[in-house]
Amino acid sequence: MARVLLFGRLADVAGWRTRDIDGSSIAEIRAALASDAPLAEALEGRGVQVAVDRVIVRGEAALTAASEVAFMPPMSGG
Amino acid sequence: MSVVLQDAPFEAGALLTAFSAGRTETGAVASFTGLARAEGGGTSILELEAYPGLTDAEIARIAAGAVERFGLQDWLVVHRTGRIAPGEAIVFVATAARHRREAFEACDYLMDYLKSRAPFWKKSHGPDGARWIEPTERDRTDVERWETP
């Protein structure tokens, strides 16, 4: 189980921002989200980054029940 | 050396005055203020989303790079979140250094990184609906200037 957060347009595509999802890895979280095809496609989009417990990760990460997994589309400040 | 994320509007002049006060070994303070544009009526409100705990940490990491690269004495980044009206300030960056070149360049560097590397998501609301704003090609090439050896 992990707390999944969606930011920017990803939350609009999914229609939610925060959800608890079963999974012990990022791949398992992605698989659990794959039933929503538009979201799954958006998560694979160019420039989407993943953070685990508020640290940007590249590749895979082990998750615990307390993990917070964020999917973040391309960033634009200023 | 601090990052402030806030929903409330801020007054850039007051921030600059406070940042500049009491400096006896700083020869140069540079600042930048970014304002929300109306885009000819196309944007009535900008909505800025951040990820507290990650956004501030990433900005601090970017600024630590500027301190090392330019020998900055101090810096301040104030960034709005939430709903911002045209004409209001979105971002304020100030840098302090012994000499002007370092202060100017560090301010430019920080803004280039904030535009495309800091965790913010920006949505424009207008008469034609809402749309997400993502970094432009120009934003990408601006930040790449600092990454070529």
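Note that the structure is a prediction, hence the values are computed from the model and not measured.

Draft legend 1. The interface of chain B and chain A, seen in detail. Each partner contributes to the interface: chain B provides 27 residues, whereas chain A provides 21 residues. Summed over both partners, the interface of chain B with chain A buries about 1,900 Å², with 53% contributed by carbon and sulfur atoms. Remark: the boundary between chain B and chain A carries 3 salt bridges. D12 of chain A serves as the salt-bridge partner of K123 of chain B, at 2.8 Å between the closest nitrogen and oxygen. Where chain B packs against chain A, one counts 14 residue pairs in polar contact (both at pLDDT 80 or more). Of all elements in the fold, only β3 (45-50), β6 (89-97), α3 (100-116), β7 (120-126) and β8 (129-133) of chain B reach the threshold of two or more residues within the side of chain B that touches chain A. Across the side of chain B that touches chain A, the residue classes tally to 16 nonpolar, 3 polar and 8 charged.

Draft legend 2. View of the sheet that holds β8 of chain B. All names here are of chain B. Taken in spatial order, the 4 strands line up as β5-β3-β7-β8 in an open sheet, and their pairing is antiparallel. Of all the strands in the sheet, the pair left with one neighbour each is β5 (82-84) and β8. For this sheet, the mean angle separating the axes of adjacent strands, direction not counted, is 25°. Alignment of β3 against β7, held across 6 bridges, turns out to be antiparallel. Directly across from L46, in β7, lies its bridge partner S124.

Draft legend 3. Molecular detail of the pattern of salt bridges. Overall, the coordinates contain 16 salt bridges over all chains when judged by the stated rule. In this structure, E49 of chain B and R17 of chain A form a salt bridge, with 2.2 Å as the shortest nitrogen-oxygen distance. With E49 of chain B in strand β3 and R17 of chain A in the loop between α1 (9-14) and β2 (18-21), this pair bridges two chains. Here R61 of chain B ties to E58 of chain B by a salt bridge, and the two come within 2.8 Å at their closest N and O atoms. Here R61 of chain B and its partner E58 of chain B are both found in helix α2 (residues 55-70), 3 residues apart, which amounts to about one turn of the helix. Taken together, the salt bridges that share partners define one network made up of D108, D112 and R145 of chain B.

What counts and how
Residues numbered from 1 in each chain as written. Chains lettered and ligands numbered in written order. Predicted model: local features only at pLDDT ≥ 70, side-chain atom pairs only at ≥ 80, totals over all residues. Heavy atoms only, no water. Contact = heavy atoms within 4.5 Å. Buried area = accessible area lost by both parts, 1.4 Å probe. Salt bridge = Lys/Arg side-chain N within 4 Å of Asp/Glu carboxyl O. Polar contact = N/O pair within 3.5 Å; in protein donor to acceptor, adjacent residues only side chain to side chain. Helix = DSSP H or I, 4+ residues; strand = E, 2+ residues; numbered from the N terminus. Nonpolar A, V, L, I, M, F, W, Y, C, P; charged D, E, K, R; others polar. Pairing = 2+ DSSP bridges. Axes fitted to C-alpha atoms, helices over the stretch in contact; angles between N-to-C directions.

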